[in-house]
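The primary structure of each chain is shown beneath.
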Amino acid sequence: MFAGKKGSVFTLAGLYILTIPFFNGLNVTTYDNSQILGHFGPSTTAFSYAVYIPIFAMLAFLPLGLKLGKQIKVRTMILSVSFLSLLFNTASLFAPTIVWFVLCRSLLAIVSIIGIFASMVPILLKYNPAFNMALMYGIFQFIQKGSQHLYQYLGAHFVSFHNWTFGVYFLNVNFLICIILAWYFYKADVAPMKTQFQFDWRGWIIMVLFFAIILFLCAEGQSRNWFSDPKITLASAFLFITVGVYLLHVRFTAEPLINPNVYKFKNVIAGAVLMFYIGVINGTGSVITGYMTNILGFDPVLGAVTHLSLLIGLCISIPLSTYLLYKRIYLATIWVIGFACYGLYHIVLFFRFYPEIDASDFFLPLIFKGLGMGFLFPVSLLYISEGVPKDLSTSRMMTGIIAQAIFASLLGGAILGTFISNLNVQHKTGLSQQLSSVNQLAENQLENYKRNFLFMGLSDAEAQKKAEKSLSNQTSQSAILLAYKDIYLVMSAICFLPIFIILLFKLWRRPIGRVEVEPIPI
């Protein structure tokens, strides 16, 4: 079915390379948001939807994409999704409005899910029997996490040549390479995982509605000041109603999309909590991106280059954690190391929130973050999958995705933005109250600003106004830095807390157990 000698490293590497572009369909333009915003000129709220909708579309289509992927012949499937990805990606270049752009991006995200599954099928079928599951999960996580930051850097680098369209062209080259590799590696055209198609359409529609409500909360929660707005309150109420409707639906469905029976396995519940927790502590990366751009004035390329230091941590931690899991080391050991690395990442950056910081000062904490990612993500995916039968694997996978991606990363990121805004207002109010004639330092700074503006030829009144505005801007910068410090100090405590719980209650002093591989280990 596949080119190359059975089990050969060359064939295995080629099949893994095929997965990379589909993992990164939305990552290439990560640092181009300001250019895309300027190109289409939407409102802030409309652009928030433009960022969120493709992600939610990809996550919502995941279970259906896995089902459809089993029914299609592998060679036909990989060639089709490569061509469609190329088509939808190119169409985004010619989108006349932000609505059409989002539609093209959403279709690309949906097709990428099928592409991920299509490119993983031969790996799961051909190489899984010879692999320990820890090795397979570690390799997939290394590809997914490592390529994410590499593609973000390449996207930002290509954009610096001209504009945001260069990142799209770069991704097109990747899909063309996928087509060439597929022609070589896929010789026979068969559907080895094909089964009778049966899908919980009603449950899927309810899940899509559930995601749509969370999408609304993520995009408009902060601008509407959350529960002070009646529409946010109503949406939150509908969220609970949707869960109730789904539980009612489950009682009349033989094979529901998310089967509540999966929660009879204690590791699924504990694993979902852990994945939510990891999603929360990993979600503060948006603070660093904002800090680099808004406070330090880093250009997108410098920001992307700085984040490449995450790869150093990933290159160390994922092979090491994979080896430890393969050697059946205790789960507690790996989790303690991972949470400690995340704690060090937050506590080191807590001491580095000041305006004069250099790009090199981010390398060490970001390496710690990469170490934490490599130790926590593979073991968490393995743990939540432990002992779960194949007929409940989709339920287990969607539980983890909803906990980590939906609630922790997306909704949690929106809530984090609100917390930062509120803390910023509090600190700015406190600092502004100190700007009086009694504060000699503030008075001297105001005089220095005024003197500079007078030297520029401004009148006394204009110089005074400009000086007060400059002092106010400096106060705003100090306030946001204090808000960042508060967030990272609290997050460092949250990272170290699981370590004390694990050690105090002597949890997970055992190696990983049996793990199935269906569906895809992401």
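All values derive from a computational prediction rather than experimental measurement.

A. Fine view of the overall build of the protein chain. Tallying secondary structure elements over the protein chain gives 18 helices and zero strands in all. Within the protein chain, counting contacts between residues at least 6 apart in sequence, those at least 24 apart form 86% of the total. Surface exposure of the protein chain reaches about 23,500 Å², of which carbon and sulfur atoms provide 67%.

B. The arrangement of the pattern of salt bridges in detail. In this structure the tally under the stated criterion is three salt bridges. Arg 224 is the salt-bridge partner of Asp 229, the closest N and O atoms lying 3.5 Å from each other. Salt bridges linked by common partners bring Glu 220, Arg 224 and Asp 229 together as one network.

C. Structural view of the packing of aromatic side chains. Overall, the coordinates contain 21 aromatic pairs when judged by the stated rule. Arranged with centres 6.1 Å apart and planes meeting at 70 degrees, the rings of Tyr 291 and Tyr 484 form a pair that is edge-to-face. In this pair, Tyr 291 is assigned in helix α11 (residues 285-295) and Tyr 484 in helix α18 (residues 460-504), connecting sequence segments 193 residues apart. Taking the relative accessible area as the measure of exposure, Tyr 484 reaches 7% and is therefore buried. By the ring-pair criterion, three or more aromatic residues cluster together here, those being Tyr 291, Phe 298, Tyr 345, Phe 353, Phe 362, Tyr 484 and Tyr 488. When the ring centre of Phe 377 is taken as origin, the NZ or CZ atom of Lys 145, which lies over that ring, is 3.9 Å away. When the ring centre of Phe 350 is taken as reference, the NZ or CZ atom of Lys 485 above it lies at 4.2 Å.

D. Broad picture of the packing of helix α13 (residues 309-326) against helix α15 (residues 363-385). It is at 7 Å that the axes of α13 and α15 come closest, and there the two elements cross at 35 degrees. Crossing handedness for the pair α13 and α15: right-handed. Between α13, through Ser 309, Leu 310, Ile 312, Gly 313, Leu 314, Ile 316, Ser 317, Ile 318, Leu 320, Ser 321, Leu 324 and Leu 325, and α15, the contact on the second element is made entirely by Phe 363, Leu 366, Ile 367, Lys 369, Gly 370, Leu 371, Met 373, Gly 374, Phe 375, Pro 378, Val 379 and Leu 382. In the contact of α13 with α15, the residues fall into 17 nonpolar, six polar and one charged.

Cut-off values and rules
Residues numbered from 1 in each chain as written. Predicted model: local features only at pLDDT ≥ 70, side-chain atom pairs only at ≥ 80, totals over all residues. Heavy atoms only, no water. Helix = DSSP H or I, 4+ residues; strand = E, 2+ residues; numbered from the N terminus. Contact = heavy atoms within 4.5 Å. Areas by Shrake-Rupley, 256 points an atom, 1.4 Å probe, with all protein chains shown as cover. Salt bridge = Lys/Arg side-chain N within 4 Å of Asp/Glu carboxyl O. Phe/Tyr/Trp six-rings, centres within 6.5 Å; stacked < 30°, edge-to-face > 60°. Buried < 20%, exposed > 50% of the residue type's maximum accessible area, 1.4 Å probe, protein only. Lys NZ or Arg CZ within 6 Å of the ring centre and 35° of its normal. Axes fitted to C-alpha atoms, helices over the stretch in contact; angles between N-to-C directions. Left-handed = near helix turned anticlockwise from the far one by under 90°. Nonpolar A, V, L, I, M, F, W, Y, C, P; charged D, E, K, R; others polar.

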